[in-house]
Amino acid sequence: MRNLNVKYLGSKDWTLRAVDFEANRGELVIIMGPSGCGKTTLFRVLAGLIPSLLPGTVEGQAVVEGIDVVSSGYKGLAGVVGLVYQNPEMQVVTRSVLEELAMGPENLGLPREEIRARIDWVVDMLNLHDFLGRDPQTLSGGEKQLVAIASVLTSKPKVLLLDEPTSMLDHRGTRLVLDAIAELKKEGLTVIVAEHRVEWAAEVADRVVVMGRGTILLEGKPEEVFSRVEDIQRYGVRPPGVAEVAYELRKRGVNVPIPVKMSDSWVLLGERG
Ligand SMILES: Nc1ncnc2c1ncn2[C@@H]1O[C@H](COP(=O)(O)OP(=O)(O)OP(=O)(O)O)[C@@H](O)[C@H]1O
Ligand SMILES: [Mg+2]
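Source: prediction; values computed, not measured.

Asks: Break down the overall build of the protein for me, citing the residues and quoting the values.
Replies: When you go through the protein residue by residue, the secondary structure sums to ten helices and eleven strands. Taking 2.2 N^0.38 as the reference for a compact globule, 273 residues should give roughly 19 Å; the C-alpha atoms of the protein span a radius of gyration of 20 Å, in line with that estimate. Its C-alpha atoms put the protein at 65 × 45 × 30 Å along the principal axes. Taking all 273 residues of the protein together, the buried fraction comes to 49%. Within the protein, residue pairs in contact and separated by at least 24 positions form 62% of the contacts whose partners lie at least 6 positions apart. Taken as a whole, the protein presents about 13200 Å² of accessible surface, with 50% of it coming from carbon and sulfur.

Spelled out as structure tokens, the structure:
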């Protein structure tokens, strides 16, 4: 995205302002920021939903895999960009989970065997065996969220956008989704996730983006972003626990470096033991 500005029809203010954002192929980028800062709006632009589906004004440039997403719209992005909505109710539309999973690849015109293989792949990865025959409307919120993620994955988009994918999941569901994200990254997908789980972000992200009031405030490797404890607290993002502890120690005159990953927290012991 280059100098991207977005305004919804009927709003007087710009929702996104001068956003410059880049993700390299195969990167896992995690977007954080308080409610209303514009994470979902950024995803809607990348998925070609504004203004194609949601009326509004988009100024500046947004390109994914060489496609201008604003002029192509969501119809031109099938198989390229996959968005898992924040609210799975918006996404689950058919009468059976199996149909839901088949819909994307069917629309892409793929052969039956390929569709079957993709369904088997996501069903195994997200442990959906027991859901296949169910009517999605009878699933719990968390179960719907898993099915919504699975139904986007069967299209094997090059760029996967996940808008708070674990917000409704229990511990087990969260683990499944977070592990699946790490797996998809290994398969070469570009994954952009809005997610509040900082400890997880610190471990797996290639890049962390902190947004506030429609613009990007901080961006960098997790260790660059999360070690700026004071800044990110001010921006309404909770730093990882180990970074917070180190920061408090430093305020008390103990000169330790600021780790952001649990696996690096040994530095807090340092030479003092
Ligand atoms: N369809 C819409 N029409 C008008 N304004 C909207 C629309 N959708 C979102 N907004 C406004 O745009 C701003 C950014 O909203 P957005 O949903 O992108 O934030 P968010 O960071 O995803 O928040 P959350 O963490 O709560 O999901 C908010 O002020 C919101 O009220
Ligand atoms: Mg949102």
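Let us keep going from here.
Asks: For the packing of helix H4 (residues 112–126) against helix H5 (residues 141–153), give the residues involved together with the corresponding values.
Replies: At their nearest, the axes of H4 and H5 sit 9 Å apart, and the two run at 145° to each other. The handedness of the crossing between H4 and H5 is right-handed. In contact with Trp121, Val122, Met125 and Leu126 of H4, H5 contributes Leu146, Ile149, Ala150 and Leu153. Taken together, the residues of the contact of H4 with H5 break down into eight nonpolar, no polar and no charged.

Asks: Would you mind going over unusual backbone geometry in detail, with residue names and values included?
Replies: The omega torsion of the bond from Ile50 to Pro51 falls at 5°, within 30 degrees of zero and hence cis. Within the fold, Pro51 resides in the loop between helix H1 (39–46) and strand E4 (56–61). The phi angle at Glu65 is positive, at roughly 50°, despite the residue not being glycine. Glu65 gets classed as partly exposed once you look at its relative accessible area, which sits at 31%. Phi is positive for Asn127, close to 55°, though the residue is something other than glycine.

Asks: Kindly report on the nonpolar core, identifying the contributing residues and their values.
Replies: Counting residues in hydrophobic clusters, the biggest one holds 48 residues, and the most contacted among them are Leu160, Ile181, Val191 and Phe226. Residue contributions to this core peak at seven residues, all from H5.

Asks: If you had to explain the environment of Met32 to someone new, which residues and values would you point to?
Replies: Mapped onto the elements of the fold, Met32 is located in strand E3 (residues 28–32). For the pair Met32 and Leu218, spaced 186 residues apart in sequence, the C-alpha separation works out to 9.9 Å. Each residue touching Met32, except ones within four places of it in the same chain, is listed here: Lys39, Glu195, His196, Arg197, Val198, Ala201, Val208, Val209, Val210, Met211, Phe226 and Val237.

Asks: I'd like a rundown of the site of ligand 1, residues and numbers included.
Replies: Taken together, 14 residues lie around ligand 1, and Ser35, Gly36, Lys39, Thr40 and Thr41 are the ones closest in. Thr40 has a polar side-chain atom sitting 2.8 Å from an oxygen atom of ligand 1. Thr41 is positioned with one of its side-chain polar atoms (N or O) 2.5 Å from an oxygen atom of ligand 1. When isolated, ligand 1 has an accessible area of 640 Å², and the protein chains bury 63% of it. With four residues, H1 is the single largest residue contributor to the shell around ligand 1. For the shell around ligand 1, the per-class residue count stands at three nonpolar, eight polar and three charged.

Asks: Just give me the short version of the sheet that holds strand E9 (residues 190–194), but keep the residues and values in it.
Replies: Sheet architecture is open: six strands sit in the order E7-E8-E9-E3-E10-E11, paired in mixed fashion. Looking along the sheet, the strands with just one partner apiece sit at the ends: strand E7 (81–84) and strand E11 (215–220). Neighbour-to-neighbour, the strand axes of this sheet turn through a mean angle of 15°, independent of strand direction. Pairing between E3 and strand E10 (residues 207–212): four bridges, direction parallel. Bridging across to E10, Ile30 finds its partner in Val208. Contacts between H5 and the sheet are confined to E7 and strand E8 (159–163), with E7 contributing the most and set at about 175° to the helix. The strands that helix H6 (residues 171–186) touches are E3, E8 and E9; relative to E9, the one it contacts most, it runs at about 150°.

Basis of the calculations
Residues numbered from 1 in each chain as written. Chains lettered and ligands numbered in written order. Predicted model: local features only at pLDDT ≥ 70, side-chain atom pairs only at ≥ 80, totals over all residues. Heavy atoms only, no water. Helix = DSSP H or I, 4+ residues; strand = E, 2+ residues; numbered from the N terminus. Rg over C-alpha atoms; globule rule 2.2 N^0.38 Å. Buried < 20%, exposed > 50% of the residue type's maximum accessible area, 1.4 Å probe, protein only. Contact = heavy atoms within 4.5 Å. Areas by Shrake-Rupley, 256 points an atom, 1.4 Å probe, with all protein chains shown as cover. Axes fitted to C-alpha atoms, helices over the stretch in contact; angles between N-to-C directions. Left-handed = near helix turned anticlockwise from the far one by under 90°. Nonpolar A, V, L, I, M, F, W, Y, C, P; charged D, E, K, R; others polar. Core = buried A, V, L, I, M, F, W, Y, C linked by side-chain atoms within 4.5 Å. Near = heavy atom within 4 Å. Polar contact = N/O pair within 3.5 Å; in protein donor to acceptor, adjacent residues only side chain to side chain. Pairing = 2+ DSSP bridges.

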